[in-house]
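A look at the structure
Listed below, chain by chain, are the residues.
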There are 2 protein chains.
Amino acid sequence: MKTERISEFTTQRLSVYLRCLEALEEMGVERTSSKMLAERFNLNSAQIRKDLAYFGQFGVRGVGYIVKELKQQLSSILGLNAGHKVCVVGAGNLGAALTDYQGFLKSGFSLVAAFDSSPGKIGGRSRSGVVIYDIKDLREVVRREGIAMGIIAVPAEAAQQVCNQLLDAGIRAILNFAPVRLNGRPNTAIKSIDLSISLEGLSFFLSKQSPDSQNLEQEQKSDIPSSPTETR
Amino acid sequence: MKTERISEFTTQRLSVYLRCLEALEEMGVERTSSKMLAERFNLNSAQIRKDLAYFGQFGVRGVGYIVKELKQQLSSILGLNAGHKVCVVGAGNLGAALTDYQGFLKSGFSLVAAFDSSPGKIGGRSRSGVVIYDIKDLREVVRREGIAMGIIAVPAEAAQQVCNQLLDAGIRAILNFAPVRLNGRPNTAIKSIDLSISLEGLSFFLSKQSPDSQNLEQEQKSDIPSSPTETR
DNA sequence: TTCTGTGAATACCTTCACAGCG
DNA sequence: CGCTGTGAAGGTATTCACAGAA
């Protein structure tokens, strides 16, 4: 195991590998190789080996990787065994959808609480039954439930304040959907997903191809590389 | 203007600059500088100048940039003036939330249609009044309405098929929320936002800091860099 | 002088290519 | 052999540092 800093590109891919391994396991496949994994997504096999090598030697030379073993290793590296508890702040359209998003379950997360400031929502429940608490009780509920991660789904204007409240409550990992750059603190991770910016990237792609209003030169690339998400 | 390929990191940042310029304009600020912008997010000012320089010379030496002018330039570069029409496929929790997401409006997009395959939903409307069509009518509605971009919010199993249908209907820019890697085609852009993978990245961060179950060494970094999103 | 625009330097990420082990 | 693990090479993105225009 290396002591190097792990790039987020790498961890992102680890998640992808893990998902693939789960699929392979369900299909009854017991062994795999970096080459096989590389073909599934179109990645370079050396990349996969290198990503894994940051964390140890999981493979068998001449053979490959044992699906079940590697799956467990990755799961543990990503901390999914911890079964982190997650809360959502903001019970609007997006917040409600995230609160009930079933995809989180597979990764071992459990969504245990939602928060809002609107009296009409406080005390209610999401469709899937998650209680919506008063944001004022954030600290208390976080402590009581042992919540480790928070998702921000409030309007941009309120996001920084909510972020501070989450941090004050002891949460050190935040996924932010509000379209603002949040200021974090040491020892915290804030990852932002900005829906408009994502769409704008696609819009740029379209403009490049058919320069309607503008005079941008033609291009016929199908492949744009990976893209970042604001983080602190 | 250069003929180089523009990195998606750059376009992502252009969106961020644009949003900042809008805020500045609302505040009545008329001029700004790469330094001022760089301080807002913590970026390097040279980066900003370089990003802008790919598209032309927008600044005035010794002075900076005219907010209004630059804003319009960026808007046009990103193709936001085109007012692209967008549809959402999948009227579940997430799809419904995206259909009604008001944040898209600011960027000049208009969400004109939703699609689903469930008889219970077809013919209905989202909360904000967007009609939910039968996915079978995708091609026709896309043509009639002049839809340029599609958002996929269906379960993983259905995503590739929906993707193909969108492409067949002539849509060349897709934002995908299903947790699968989609196969695209030449001259198309597919950008994926994977909610679970994003959370897993945060989970990894937490494990690094407090190695509960695992033996990962301690670390006290507050800053993780930017992160990618699967694209094709 | 100030602040842009940009070549050069650095840092980071990916791919190549091969040694080494089962 | 075959496939991993990894140093070295190649690319790409970011930052530095400064020439040059207003």
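Our structure's up above, just so we're on the same page.
Residues numbered from 1 in each chain as written. Chains lettered and ligands numbered in written order. Predicted model: local features only at pLDDT ≥ 70, side-chain atom pairs only at ≥ 80, totals over all residues. Heavy atoms only, no water.

The tally for this structure, following the rule as stated, stands at 15 salt bridges over all chains. The shortest N-O distance in the salt bridge between Arg185 of chain A and Asp168 of chain A comes to 3.0 Å. Of this pair, Arg185 of chain A sits in the loop between strand E7 (173-176) and strand E8 (189-192) while Asp168 of chain A sits in helix H8 (residues 156-168), and the two are 17 residues apart along the sequence. Residue Glu140 of chain B pairs with Arg144 of chain B through a salt bridge whose shortest N-O separation is 3.5 Å. Of this pair, Glu140 of chain B and Arg144 of chain B both sit in helix H7 (residues 138-145), four residues apart, roughly one helical turn. Among the ionic contacts, a cluster of salt bridges with common partners joins Glu140, Arg144 and Glu145 of chain A. (Salt bridge = Lys/Arg side-chain N within 4 Å of Asp/Glu carboxyl O. Helix = DSSP H or I, 4+ residues; strand = E, 2+ residues; numbered from the N terminus.)

Side chains of Lys121 and Arg127 of chain A together with Lys121 and Arg127 of chain B sit close together on the surface and give a patch of like positive charge. By the element assignment, Arg127 of chain A lies in the loop between strand E4 (110-116) and strand E5 (132-134). (Patch = residues over 30% accessible without salt bridge, like charges linked within 9 Å, V, L, I, M, F, W, Y side chains within 5 Å. Areas by Shrake-Rupley, 256 points an atom, 1.4 Å probe, with all protein chains shown as cover. Lys, Arg positive; Asp, Glu negative; His and termini not counted. Charge placed at Lys NZ, Arg CZ, Asp CG, Glu CD.)

This part covers the pairing of strand E3 (residues 85-89) of chain B. Residue and element names in this part refer to chain B. Burial analysis of E3 places four of its five residues in the buried class, the great majority of the element. Relative to strand E4 (residues 110-116), E3 is paired through five bridges, and the arrangement is parallel. Bridge assignment links Lys85 to a residue of E4, and that residue is Ser110. Looking at chain direction, E3 and strand E6 (residues 147-152) are connected through five bridges and run parallel. Bridged to Val86 within E6 is Met149. (Buried < 20%, exposed > 50% of the residue type's maximum accessible area, 1.4 Å probe, protein only. Pairing = 2+ DSSP bridges.)

Taken together, 24 residues lie near DNA strand D, and Ser34, Arg49, Lys50 and Tyr65 of chain A together with Arg13 of chain B sit nearest. Here a phosphate oxygen of DNA strand D and a side-chain polar atom of Asn44 of chain B are 3.0 Å apart. Note that a base oxygen of DNA strand D is positioned 3.0 Å from one of the side-chain N or O atoms of Lys50 of chain B. Put simply, the parts of the chain that give the surface near DNA strand D at least two residues each are helix H3 (45-53) of chain A together with helix H3 (45-53) of chain B. Class assignment of the residues belonging to the surface near DNA strand D gives a composition of eight nonpolar, nine polar and seven charged. (Near = heavy atom within 4 Å. Polar contact = N/O pair within 3.5 Å; in protein donor to acceptor, adjacent residues only side chain to side chain. Nonpolar A, V, L, I, M, F, W, Y, C, P; charged D, E, K, R; others polar.)

Ser34, Arg49, Lys50, Gly62 and Tyr65 of chain B are the nearest of the 25 residues found near DNA strand C. When the atoms of DNA strand C within 4 Å of the protein are sorted by group, sugar and phosphate make up 61%. At 3.1 Å from a phosphate oxygen of DNA strand C is found a side-chain nitrogen or oxygen belonging to Gln47 of chain A. Grouping the amino acids of the surface near DNA strand C by side-chain chemistry returns eight nonpolar, nine polar and eight charged.

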